[in-house]
Structures are given as structure tokens and as C-alpha cells.
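Notes for the structure review
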Protein chains: 2
Amino acid sequence: MTAKDSMTTMSPQSGHFYAVGIGPGSPDLLTLRATRLVEQCDTVISPQAQGSAKSLALEAVRPFIDKQKIIVNNYPMERNGHKTRERWQLFAKDVVKRCAAGESVVQITLGDPLIFATSSYLLQSLTDLMPKANIHVVPGISAFQTAASRFVETLTLQEDRLTLMSATDLHAVENALAQCETLVLYKAGGCIEALMELLRRHNLLDRARLVSCCEQGDNELLVADLSCWQIQPLNYMTTMIVKISNRSWQEV
Amino acid sequence: MTAKDSMTTMSPQSGHFYAVGIGPGSPDLLTLRATRLVEQCDTVISPQAQGSAKSLALEAVRPFIDKQKIIVNNYPMERNGHKTRERWQLFAKDVVKRCAAGESVVQITLGDPLIFATSSYLLQSLTDLMPKANIHVVPGISAFQTAASRFVETLTLQEDRLTLMSATDLHAVENALAQCETLVLYKAGGCIEALMELLRRHNLLDRARLVSCCEQGDNELLVADLSCWQIQPLNYMTTMIVKISNRSWQEV
């Protein structure tokens, strides 16, 4: 037996639920812990936005699927808090039923389950319905980390402040430009024209990079410098990184 | 051959350098990509702060070490930008020499190599000294993600803004409280008394959680609510999460 075989990791337990982050989409960016839980659990739930052709999350864990039950849960892509919570309440009840029957249940999420992820709705519903000790979260690589790694670009060092937010509220985005050294914007695809205009006004276009469908094979688009880029339609899953400035240590 | 065996991943190439994030310290929180690179490279470099008893990073990859050369690079824990850069310049020259001789070289880093990590100094030096195409970064789970997962606590949802910064500049910390919904502070151990006092003044103590040495075995300390906690000396590697408020979608 090698040191690797003797390594301890989390195994799925009967009656337990695991919200598992699977990273940006490439199977080899799952952690060993995530891999083990997906491989050994009874049921894998994959949430899928209504209207999507396929579940990207399910594709990413395909190498680890064998005899597990697979459930695809369709949810509406709507900015309606009430409807969203109602739908996830239903999904939560199904998880509770399965756990009560002794199943171990894993819900997979692209990225990290606690960073702009629908898993948060499910977790919030579950904490009212089952013992907290039976609910687990496994972190995953989030899109901004993968994006930065592709550009070999430091996100934060010394006294830098990094702010991570959705690009949807442009007024909030403009405010954030003055409050941090690194600004990361998720969901930058839907409002790319207005975003570009905002960055141009602040002379920051050449400090902005963009990744669409990062680590998702041929769909991936990398733009290292937005000042040399012609706008084109972008996927919802687009991450922008604006490296505004640096904030060094105060030397002692 | 199973689907898993046929999975493609990054293998270390002769003459290439890889800055590899290994997560918070538990070996099963490495990604498969990180594991493969550590297992198959010629040389593993582990940076170690001067005065540390052992390299935590090296402990975390122990299960994946066999015949690789191991180099421990000691660097000063000093807030001196010039000295720091000088030291990493030296380390960079050694990496370049090894790569020129055909070695594949991995530097391991706790957390993510681009988030408050000394790897950034090495990468900055290397880009001047070797072809950019031979320099790679593999993202890793950062401490705030692990901390949040232990509390099953949503970091960001809908229009929330998350700010990640070092706790060392208290004036900047106080400003940040008004500019985001979730504030994550690294290096919170050294100034914990002043931080607690600041949070008390803003009525945020019961919205603050703290993790020290997360996923580092018996050394781990979790505090779910700082308003019920007696101050005690803390490790340098302490992460605080303050969940200040929520910012919902504007309903359409």
C-alpha cells in the first residue's frame, strides 16, 4: 500500500447530504475529496438551468459516474426571488426524503457551492429540514481563480483588496472601481457593451481581461487585453478581471 | 480501461514550471491536476517562512511524493518589499537553471498561487527570465472557501459583493465594512483585539466567524460567532468572515 492509498478522505455516509463544488468544468479540476464523494455516493443531483441543452456540471463529473442514480433538477433562470426559493424548497424536500431512506446524496455545482451558486438556495432550505450535522459542503475552484491562472496574473498581494460581484448592477460596478485594487465581475456576458463603455471612461480597458467558458474545451474564449478586442456576443458564464492598481505594504 | 483512466489532465513537461495551488492543507483538497503534476514532475519546491518548524505545504503533498527531488526554499517573513523581491529573484534563477537543464519543476503553495501567495513574487521574476509559454499556474482552494464550507455559510448570492483583503490595515478594513456585503479578512490573527473592538463598534461581532489553521488537523480552531468568544492567541493563518448584509436582485 502506498502513502497515497492510505490517505484519509471524506466518504459519503448514509443519510447525509453533500453540496460539492466541482470547479470550472474540466474533470481534472475536481478535488480528490469531491471525486471520492461523487464516485461513492448513492445519488448525484445535477441542477440545470431551464432551456440549457445539457448539464455542464454532469459532463464534468462523467469520468466518475458508474452506478449512482442521476437526477437532473431543472430550475428557472429568472431574477425572481420568491419563485426561485419555492423551486429549491421542492428540491430540498426530495433530498430530505432520500436521506431519511438512508441514501447518501451529492449535489454537484460548477465552481464553488457558496459563491454565486444555486446550491445556496438548497442549503438554506435544507437547514430547516434536516440535522445540520448531516449537511456538508466541499469547496471547489471558482471561475475567477481559473481565469487568473490562465493569464498567470496575480489577483492579490500585500495590501491589495479584491472585490467579487455580479456585473449586472453597473452603478455598483462603477462604485467598486474606486474601492479595490482588483475587481472581478461574474456574469459579464449580458452587459458587455455597457461594461466596456464604463471601463473606457475610467481608462481601464487595457487593464481588463475576460474569460468565457473557461476550462470548457473548445468553447473557451480568452481576451488578455480588452482595449484590443472587438465586442462579440458572449456566454452568460463570462468572468472579467480588472487589475486597477496595487497597494503595497507600508514599509516598516 | 474506465472512463476515469481515460481522463485527460496536464502532465509535467520537460523545461516547464508549474505554480501549483494545493488548498488549505488537507491532502484530499488538492485537485486531480495538482496531484498529477506533483506526482510526475522532476522537482518539487516548497517555500517555507524562516523560523517555521516545518513546511505545511510539504506535509500536505506527502502522499504524492516518491522519487521527486525536494527543495525547501526559506524566505524571510518581513514586510520589506525590496528584500522580498531580491530573495525571490534568487529562487527564480534556480528555477530557470533547472528548466534549462530539462527538468519539470513544480512549486507548491498552500491555498491558491495568485491569492496572497509568495508564488506571485516568483512568477513575476520568472516572466522576465523564461518563455511565458513554459510557465503555468494551477488554481487551488483558498482559505476563505474552506472556512465558509465548514460553517455551511453562503459567501455571495444574487447582488452581494465580497471583498477579500488582509486584516493588517484597520482603517481600510473599516472602510470596507460599508462597501460590501461579505468581508473576508486574511491574517486576522496578529491584530485580533483591535479587530474585535472595531466589529463591536459596528455591531457586527455576532455576524463574524473565524477559522484558524483550517483543515490542518488538530490545530484547527472554528469560532462560529465572535460575540460568544474569549480572545486567545491565534495563528498567523487565521481567516475571518463577516457577513454584513445581503443584497438581493432588483425584482423585474
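Residue positions are given per chain, counted from 1 along the sequence in the order it is written. Each chain gets a letter, beginning with A, and each ligand a number, beginning with 1, in the order they are written. In view of the model being predicted, local features appear only for residues whose pLDDT reaches at least 70, and side-chain atom pairs are presented and counted only at 80 or more, with totals across whole chains, interfaces and linings using the full set of residues.

Notes on the relation of the copies chain A and chain B
As a reminder of what qualifies: All copies are superposed by least squares; the fitting set is the C-alpha atoms of residues with a pLDDT of at least 70 in both. Distance between backbone-placed C-beta atoms decides contact: two residues are in contact if it is within 7 Å.
Take chain A, turn it by 180 degrees, move it 0.0 Å along the axis, and it overlays chain B with an RMSD of 0.0 Å. Such a turn and shift between the copies fits a two-fold axis. A high fraction, 100%, of the interface residues of chain A reappear at the interface in chain B, so the copies pair face to face through one surface.

Considering the domain arrangement of chain A
All names here are of chain A. Cut-off, in case you're wondering: A domain assignment, automatic or from a database, supplies the domain bounds used here. Polar here means any residue other than Ala, Val, Leu, Ile, Met, Phe, Trp, Tyr, Cys and Pro, which are nonpolar, and Asp, Glu, Lys and Arg, which are charged; Gly is therefore polar.
Partitioning chain A into structural domains gives domain 1 (17-141) and domain 2 (144-243). Each side of the interface is counted separately: domain 1 has seven residues, and domain 2 has seven residues. Per-class residue counts for the side of domain 1 that touches domain 2 are five nonpolar, two polar and no charged.

Brief notes about the pairing of strand E4 (residues 105-109) of chain A
All names here are of chain A. To keep it simple, the criterion reads: Exposed residues have 12 or fewer other C-beta atoms within 10 Å of their own C-beta, buried residues have 20 or more, and partly exposed residues fall in between, where C-beta atoms are placed from the backbone. The secondary structure listing takes helices from DSSP runs of H or I that are at least 4 residues long and strands from runs of E that are at least 2 residues long, numbered from the N terminus. Any two strands are treated as partners once DSSP identifies two or more bridges connecting them.
With five of five residues buried, E4 is to be regarded as a mostly interior element. Every second residue of E4 is oriented toward a common face, with Val105, Gln107 and Thr109 on one face and Val106 and Ile108 on the other, all of them buried. Pairing analysis gives five bridges linking strand E1 (residues 17-21) to E4, with the strands arranged parallel. In the sheet register, Ala19 faces E4, and the bridge partner there is Gln107. Of the strand pairs in this sheet, strand E2 (residues 43-49) and E4 are connected by three bridges, and their pairing is parallel. When the bridges of E4 are listed, Ile45 appears paired with Gln107.

Considerations on the interface of chain A and chain B
At the interface, 57 residues of chain A touch 57 residues of chain B. Looking at the side of chain A that touches chain B, the elements that each hand over two or more residues are helix H1 (32-40), helix H4 (119-126), strand E5 (135-138), helix H5 (143-151), strand E6 (162-166) and helix H6 (170-177) of chain A. Of the residues assigned to the side of chain A that touches chain B, the class counts are 29 nonpolar, 17 polar and eleven charged.

Let's talk about the nonpolar core
Here is the rule we go by: For this analysis, nonpolar core means a set of buried Ala, Val, Leu, Ile, Met, Phe, Trp, Tyr and Cys residues linked through C-beta atoms within 7 Å.
In this structure, Val20, Val38 and Val106 of chain A together with Val20, Val38 and Val106 of chain B are the most contacted members of the largest nonpolar core, which totals 142 residues. With residues up to four places along the chain from it excluded, the contact list for Val20 of chain A reads Ala34, Leu37, Val38, Val106, Gln107, Ile108, Thr109, Pro113 and Val138 of chain A.

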